[in-house]
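Fold and geometry: a report
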Amino acid sequence: MENKYPKYTFTWIGGLVLLAGLFAGTMATSFFNVFWMFTFKENLQYKDWFFMLANAAGFVTAIAFFDFFIVRRTTGKKLNFNFSPTNFYTYLLIFPMMTGMMFIAEFITSQIPTSGPFFGKYYEFFTRLMEQLTDDPVVMIITAVICAPIFEEIIFRGIIQKGLMNKGVEPWKAIGTASVIFGLVHGNPWQLVGAVLLGCILGLVYYKTKSLLLPILLHGFNNLCSTLLITFTKNESFADAFKIPEWMILGIGVILFSLFFYLFMKKYKVHYSEI
(Lines give C-alpha, C1' and ligand atoms only; values in the text may rest on other atoms or scores of the structure.)
Protein backbone atom coordinates (compact mmCIF):
# COMPACT_ATOMS: atom_id res chain seq x y z
CA MET A 1 0.00 0.00 0.00
CA GLU A 2 1.35 3.42 -0.96
CA ASN A 3 2.05 5.71 1.98
CA LYS A 4 -0.34 8.66 1.88
CA TYR A 5 2.02 10.77 4.00
CA PRO A 6 4.70 12.51 1.89
CA LYS A 7 8.31 11.76 2.88
CA TYR A 8 9.71 15.29 2.69
CA THR A 9 12.92 16.43 4.37
CA PHE A 10 13.72 19.53 6.35
CA THR A 11 16.84 21.60 5.56
CA TRP A 12 17.94 25.21 6.00
CA ILE A 13 16.07 25.98 2.76
CA GLY A 14 12.88 24.70 4.34
CA GLY A 15 13.60 26.94 7.32
CA LEU A 16 13.89 29.96 5.06
CA VAL A 17 10.65 29.01 3.32
CA LEU A 18 8.86 28.85 6.70
CA LEU A 19 10.25 32.27 7.65
CA ALA A 20 9.21 33.70 4.28
CA GLY A 21 5.69 32.39 4.77
CA LEU A 22 5.53 33.78 8.29
CA PHE A 23 6.69 37.17 7.00
CA ALA A 24 4.19 37.12 4.13
CA GLY A 25 1.28 36.36 6.45
CA THR A 26 2.31 39.03 8.92
CA MET A 27 2.71 41.63 6.18
CA ALA A 28 -0.66 40.71 4.69
CA THR A 29 -2.42 41.42 7.97
CA SER A 30 -0.44 44.65 8.37
CA PHE A 31 -1.49 45.85 4.91
CA PHE A 32 -5.08 44.94 5.70
CA ASN A 33 -4.87 47.03 8.87
CA VAL A 34 -3.47 50.00 6.90
CA PHE A 35 -6.29 49.66 4.37
CA TRP A 36 -8.85 49.52 7.19
CA MET A 37 -7.36 52.62 8.85
CA PHE A 38 -7.56 54.66 5.65
CA THR A 39 -11.05 53.42 4.82
CA PHE A 40 -12.76 53.32 8.22
CA LYS A 41 -10.40 55.45 10.38
CA GLU A 42 -9.95 52.62 12.88
CA ASN A 43 -6.73 50.93 13.96
CA LEU A 44 -7.33 47.18 14.24
CA GLN A 45 -3.96 46.64 15.89
CA TYR A 46 -5.55 47.20 19.30
CA LYS A 47 -8.40 44.75 18.71
CA ASP A 48 -8.04 41.40 20.46
CA TRP A 49 -9.66 39.52 17.60
CA PHE A 50 -7.23 41.09 15.12
CA PHE A 51 -4.28 39.92 17.22
CA MET A 52 -5.69 36.40 17.00
CA LEU A 53 -6.20 36.75 13.24
CA ALA A 54 -2.69 38.10 12.65
CA ASN A 55 -1.15 35.31 14.71
CA ALA A 56 -3.05 32.64 12.81
CA ALA A 57 -2.28 34.23 9.41
CA GLY A 58 1.47 34.02 10.01
CA PHE A 59 1.33 30.33 10.90
CA VAL A 60 -1.04 29.40 8.07
CA THR A 61 1.05 31.08 5.38
CA ALA A 62 4.26 29.55 6.78
CA ILE A 63 2.74 26.06 6.55
CA ALA A 64 1.26 26.81 3.10
CA PHE A 65 4.63 28.03 1.80
CA PHE A 66 6.39 24.88 3.01
CA ASP A 67 3.66 22.73 1.47
CA PHE A 68 3.79 24.43 -1.94
CA PHE A 69 7.51 25.16 -2.32
CA ILE A 70 9.00 22.12 -0.56
CA VAL A 71 6.60 19.21 -0.13
CA ARG A 72 4.72 19.31 -3.42
CA ARG A 73 7.81 20.06 -5.48
CA THR A 74 9.92 17.29 -3.97
CA THR A 75 7.37 14.54 -3.35
CA GLY A 76 4.52 15.27 -5.74
CA LYS A 77 2.10 15.03 -2.81
CA LYS A 78 0.45 17.62 -0.62
CA LEU A 79 1.36 18.07 3.04
CA ASN A 80 -0.58 15.58 5.11
CA PHE A 81 -0.40 14.47 8.75
CA ASN A 82 -1.74 11.67 10.86
CA PHE A 83 -4.20 13.00 13.46
CA SER A 84 -5.56 9.62 14.53
CA PRO A 85 -6.40 9.01 18.20
CA THR A 86 -4.73 6.14 20.04
CA ASN A 87 -5.97 3.78 22.73
CA PHE A 88 -7.10 5.28 26.04
CA TYR A 89 -4.17 3.76 27.95
CA THR A 90 -1.81 6.04 26.02
CA TYR A 91 -3.48 9.16 27.41
CA LEU A 92 -3.22 7.80 30.96
CA LEU A 93 0.55 7.70 30.50
CA ILE A 94 1.37 10.86 28.55
CA PHE A 95 -0.66 13.43 30.50
CA PRO A 96 0.91 12.64 33.91
CA MET A 97 4.33 12.50 32.22
CA MET A 98 3.68 15.93 30.70
CA THR A 99 2.50 17.29 34.06
CA GLY A 100 5.69 16.08 35.72
CA MET A 101 7.82 17.83 33.13
CA MET A 102 5.77 21.02 33.53
CA PHE A 103 6.57 20.99 37.26
CA ILE A 104 10.26 20.36 36.58
CA ALA A 105 10.36 23.12 33.98
CA GLU A 106 8.75 25.55 36.42
CA PHE A 107 11.40 24.88 39.07
CA ILE A 108 14.26 25.35 36.59
CA THR A 109 12.68 28.51 35.19
CA SER A 110 12.25 29.90 38.72
CA GLN A 111 16.04 29.81 39.12
CA ILE A 112 16.53 32.29 36.26
CA PRO A 113 17.00 35.82 37.69
CA THR A 114 14.23 38.37 37.21
CA SER A 115 16.20 41.32 38.60
CA GLY A 116 19.57 42.95 38.04
CA PRO A 117 21.04 45.22 35.35
CA PHE A 118 20.23 42.89 32.46
CA PHE A 119 17.58 40.39 33.55
CA GLY A 120 15.59 43.01 35.48
CA LYS A 121 14.91 45.29 32.53
CA TYR A 122 14.41 42.37 30.18
CA TYR A 123 11.92 40.72 32.55
CA GLU A 124 9.97 43.98 32.98
CA PHE A 125 9.77 44.33 29.19
CA PHE A 126 8.69 40.70 28.79
CA THR A 127 6.06 41.06 31.53
CA ARG A 128 4.58 44.21 29.96
CA LEU A 129 4.55 42.53 26.56
CA MET A 130 2.64 39.52 27.87
CA GLU A 131 0.14 41.76 29.67
CA GLN A 132 -0.55 43.69 26.46
CA LEU A 133 -1.16 40.66 24.26
CA THR A 134 -4.85 40.42 25.08
CA ASP A 135 -7.29 41.38 27.82
CA ASP A 136 -10.05 39.14 26.53
CA PRO A 137 -9.93 35.69 28.21
CA VAL A 138 -11.96 34.12 25.39
CA VAL A 139 -9.52 35.34 22.73
CA MET A 140 -6.61 34.28 24.96
CA ILE A 141 -7.96 30.74 25.26
CA ILE A 142 -8.72 30.45 21.54
CA THR A 143 -5.26 31.75 20.64
CA ALA A 144 -3.15 29.97 23.28
CA VAL A 145 -5.10 26.76 23.90
CA ILE A 146 -6.47 25.97 20.42
CA CYS A 147 -4.67 27.83 17.63
CA ALA A 148 -1.11 27.88 18.96
CA PRO A 149 -0.94 24.13 19.76
CA ILE A 150 -2.31 23.17 16.34
CA PHE A 151 -0.09 25.47 14.27
CA GLU A 152 3.06 25.09 16.37
CA GLU A 153 2.87 21.30 16.50
CA ILE A 154 2.40 21.12 12.74
CA ILE A 155 5.51 23.26 12.26
CA PHE A 156 7.87 22.05 15.00
CA ARG A 157 6.94 18.39 15.24
CA GLY A 158 5.18 17.71 11.94
CA ILE A 159 7.49 19.66 9.64
CA ILE A 160 10.83 20.17 11.40
CA GLN A 161 11.16 17.03 13.53
CA LYS A 162 9.58 14.69 11.01
CA GLY A 163 11.48 16.32 8.14
CA LEU A 164 14.79 15.81 9.95
CA MET A 165 13.98 12.17 10.66
CA ASN A 166 12.98 11.64 7.03
CA LYS A 167 16.41 13.02 6.15
CA GLY A 168 18.07 10.30 8.24
CA VAL A 169 18.77 12.26 11.42
CA GLU A 170 18.63 10.09 14.55
CA PRO A 171 15.31 10.44 16.38
CA TRP A 172 16.79 11.89 19.59
CA LYS A 173 18.74 14.48 17.58
CA ALA A 174 15.66 15.42 15.55
CA ILE A 175 13.56 15.74 18.72
CA GLY A 176 16.26 17.82 20.42
CA THR A 177 16.80 20.10 17.41
CA ALA A 178 13.08 20.79 16.97
CA SER A 179 12.74 21.42 20.72
CA VAL A 180 15.64 23.88 20.84
CA ILE A 181 14.26 25.81 17.86
CA PHE A 182 10.85 25.74 19.55
CA GLY A 183 12.40 27.26 22.67
CA LEU A 184 14.43 29.90 20.83
CA VAL A 185 11.46 31.30 18.91
CA HIS A 186 9.82 32.24 22.22
CA GLY A 187 12.47 34.95 22.46
CA ASN A 188 13.06 35.05 26.22
CA PRO A 189 14.95 32.86 28.74
CA TRP A 190 11.93 32.30 31.02
CA GLN A 191 9.92 30.57 28.32
CA LEU A 192 12.91 29.05 26.53
CA VAL A 193 13.75 26.50 29.23
CA GLY A 194 10.20 25.27 29.60
CA ALA A 195 9.62 25.20 25.85
CA VAL A 196 12.72 23.08 25.23
CA LEU A 197 11.90 20.58 27.97
CA LEU A 198 8.24 20.33 27.07
CA GLY A 199 9.14 20.19 23.38
CA CYS A 200 11.18 17.06 24.07
CA ILE A 201 8.11 15.37 25.58
CA LEU A 202 5.93 16.46 22.68
CA GLY A 203 8.53 15.20 20.23
CA LEU A 204 8.91 11.87 22.02
CA VAL A 205 5.15 11.29 22.04
CA TYR A 206 4.94 12.15 18.34
CA TYR A 207 7.84 9.82 17.53
CA LYS A 208 6.26 6.86 19.33
CA THR A 209 2.63 7.36 18.31
CA LYS A 210 3.15 8.94 14.87
CA SER A 211 0.01 11.02 15.52
CA LEU A 212 0.09 14.80 15.77
CA LEU A 213 -3.16 14.72 17.72
CA LEU A 214 -1.43 13.71 20.94
CA PRO A 215 1.25 16.45 21.04
CA ILE A 216 -1.45 18.97 20.08
CA LEU A 217 -3.56 17.87 23.03
CA LEU A 218 -0.57 17.92 25.39
CA HIS A 219 0.48 21.35 24.12
CA GLY A 220 -3.06 22.64 24.59
CA PHE A 221 -3.13 21.17 28.11
CA ASN A 222 0.11 22.98 28.99
CA ASN A 223 -1.15 26.29 27.59
CA LEU A 224 -4.53 25.88 29.31
CA CYS A 225 -2.79 25.43 32.66
CA SER A 226 -0.68 28.54 32.01
CA THR A 227 -3.75 30.53 30.96
CA LEU A 228 -5.69 29.53 34.06
CA LEU A 229 -2.74 30.33 36.32
CA ILE A 230 -2.32 33.76 34.72
CA THR A 231 -6.07 34.45 34.92
CA PHE A 232 -6.57 33.47 38.55
CA THR A 233 -3.13 33.94 40.18
CA LYS A 234 -1.55 36.61 37.90
CA ASN A 235 1.51 34.41 37.26
CA GLU A 236 2.34 30.97 35.85
CA SER A 237 3.47 29.36 39.09
CA PHE A 238 1.97 26.09 40.30
CA ALA A 239 3.88 26.57 43.56
CA ASP A 240 2.12 29.88 44.22
CA ALA A 241 -1.25 28.46 43.22
CA PHE A 242 -0.88 25.43 45.52
CA LYS A 243 0.87 27.45 48.26
CA ILE A 244 3.85 25.08 48.41
CA PRO A 245 7.62 25.63 47.96
CA GLU A 246 9.23 25.32 44.54
CA TRP A 247 11.39 22.41 45.74
CA MET A 248 8.22 20.46 46.47
CA ILE A 249 6.95 21.15 42.96
CA LEU A 250 10.28 19.82 41.69
CA GLY A 251 9.99 16.67 43.81
CA ILE A 252 6.45 15.94 42.64
CA GLY A 253 7.52 16.64 39.06
CA VAL A 254 10.48 14.26 39.21
CA ILE A 255 8.33 11.47 40.65
CA LEU A 256 5.53 11.93 38.11
CA PHE A 257 7.83 12.26 35.15
CA SER A 258 10.14 9.38 36.10
CA LEU A 259 7.30 6.94 36.75
CA PHE A 260 5.25 7.64 33.66
CA PHE A 261 8.29 8.07 31.41
CA TYR A 262 9.38 4.59 32.46
CA LEU A 263 5.93 3.15 31.81
CA PHE A 264 5.68 4.91 28.44
CA MET A 265 9.14 3.87 27.27
CA LYS A 266 9.62 0.44 28.83
CA LYS A 267 6.24 -1.08 29.57
CA TYR A 268 4.18 0.46 26.78
CA LYS A 269 5.16 -1.55 23.72
CA VAL A 270 2.78 -0.08 21.14
CA HIS A 271 4.69 1.83 18.48
CA TYR A 272 2.51 3.07 15.68
CA SER A 273 3.49 3.47 12.05
CA GLU A 274 2.16 5.68 9.28
CA ILE A 275 0.59 3.98 6.30
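Reading the values: the criteria
- Residues numbered from 1 in each chain as written.
- Predicted model: local features only at pLDDT ≥ 70, side-chain atom pairs only at ≥ 80, totals over all residues.
- Heavy atoms only, no water.
- Axes fitted to C-alpha atoms, helices over the stretch in contact; angles between N-to-C directions.
- Helix = DSSP H or I, 4+ residues; strand = E, 2+ residues; numbered from the N terminus.
- Parallel < 35°, antiparallel > 145°, perpendicular 65-115°, else oblique.
- Left-handed = near helix turned anticlockwise from the far one by under 90°.
- Contact = heavy atoms within 4.5 Å.
- Nonpolar A, V, L, I, M, F, W, Y, C, P; charged D, E, K, R; others polar.
- Disulfide = S-S within 2.5 Å.
- Patch = residues over 30% accessible without salt bridge, like charges linked within 9 Å, V, L, I, M, F, W, Y side chains within 5 Å.
- Areas by Shrake-Rupley, 256 points an atom, 1.4 Å probe, with all protein chains shown as cover.
- Salt bridge = Lys/Arg side-chain N within 4 Å of Asp/Glu carboxyl O.
- Phe/Tyr/Trp six-rings, centres within 6.5 Å; stacked < 30°, edge-to-face > 60°.
- Buried < 20%, exposed > 50% of the residue type's maximum accessible area, 1.4 Å probe, protein only.
- Lys NZ or Arg CZ within 6 Å of the ring centre and 35° of its normal.
- Core = buried A, V, L, I, M, F, W, Y, C linked by side-chain atoms within 4.5 Å.
- Polar contact = N/O pair within 3.5 Å; in protein donor to acceptor, adjacent residues only side chain to side chain.

Here we look at the packing of helix α5 (residues 137-166) against helix α8 (residues 213-233)
Axes are the key here: two packed helices are described by the angle between their axes and the distance separating the axes. One way to put it is that α5 packs onto α8 with a least axis distance of 8 Å and a crossing angle of 150 degrees. Our classification of the angle between α5 and α8 gives roughly antiparallel. With respect to the hand of their crossing, α5 and α8 are arranged in right-handed fashion. Here Met140, Ile141, Ala144, Val145, Ala148, Pro149, Ile150, Glu152 and Glu153 of α5 lie close against α8, whose contacting residues are Pro215, Ile216, His219, Gly220, Asn223, Leu224 and Thr227. Taken together, the residues of the contact of α5 with α8 sort by class into 10 nonpolar, four polar and two charged.

What to know about the state of the cysteines
Counted under the stated rule, the structure contains zero disulfides. The closest cysteine sulfur to the non-disulfide-bonded Cys200 is located on Cys225, 19 Å from its own sulfur. Considering cysteine sulfurs only, Cys147 is the nearest to Cys225, which forms no disulfide, with 18 Å between them.

Some details on a nonpolar patch on the surface
A surface patch of nonpolar side chains, about 550 Å² in accessible area, is lined by Trp12, Ile13, Leu16, Leu19 and Leu22. By the element assignment, Leu19 lies in helix α1 (residues 12-40).

Structural notes on the packing of aromatic side chains
As enumerated under the stated definition, the model contains 15 aromatic pairs in all. Look at Phe81 and Phe83: their rings are 6.3 Å apart centre to centre, the planes differ by 75 degrees, and that puts the pair in the edge-to-face class. The exposure class of Phe81 is buried, given its relative accessible area of 9%. Take Phe83: its relative accessible area is 37%, and that puts it in the partly exposed class. Taking the ring centre of Phe182 as reference, the NZ or CZ of Arg157 above it sits at 4.8 Å. Between Lys208 and the ring centre of Phe264, over which it is positioned, the NZ or CZ distance is 4.7 Å.

Topic: the nonpolar core
If you look at soluble globular proteins, the nonpolar side chains tend to sit buried side by side. Core analysis: the biggest nonpolar cluster contains 28 residues, and Leu18, Phe66, Phe81, Ile155, Ile159 and Ile160 have the highest contact counts within it. Secondary-structure elements contributing two or more residues to this core are α1, α2 (48-75), α5, α6 (171-184) and α7 (189-209). If we ignore the near neighbours within four places in the chain, the residues touching Leu18 are Phe10, Ala62, Phe66, Ile155, Ile159 and Ile160. Residues Met98, Met102, Leu229 and Ala239 belong to the second largest nonpolar core, which totals 24 residues.

Let's talk about the side chain of Ser211
With respect to the helices, strands and loops of the structure, Ser211 is situated in the loop between α7 and α8. A residue is classified by how much of its surface remains accessible, and Ser211, at 1% relative accessible area, is buried. There is a polar contact of 3.2 Å between the side chain of Ser211 and the backbone nitrogen of Leu213.

What about the pattern of salt bridges?
In this structure the tally under the stated criterion is four salt bridges. Among the ionic pairs, Asp67 bridges to Arg72, the shortest N-O distance being 3.0 Å.

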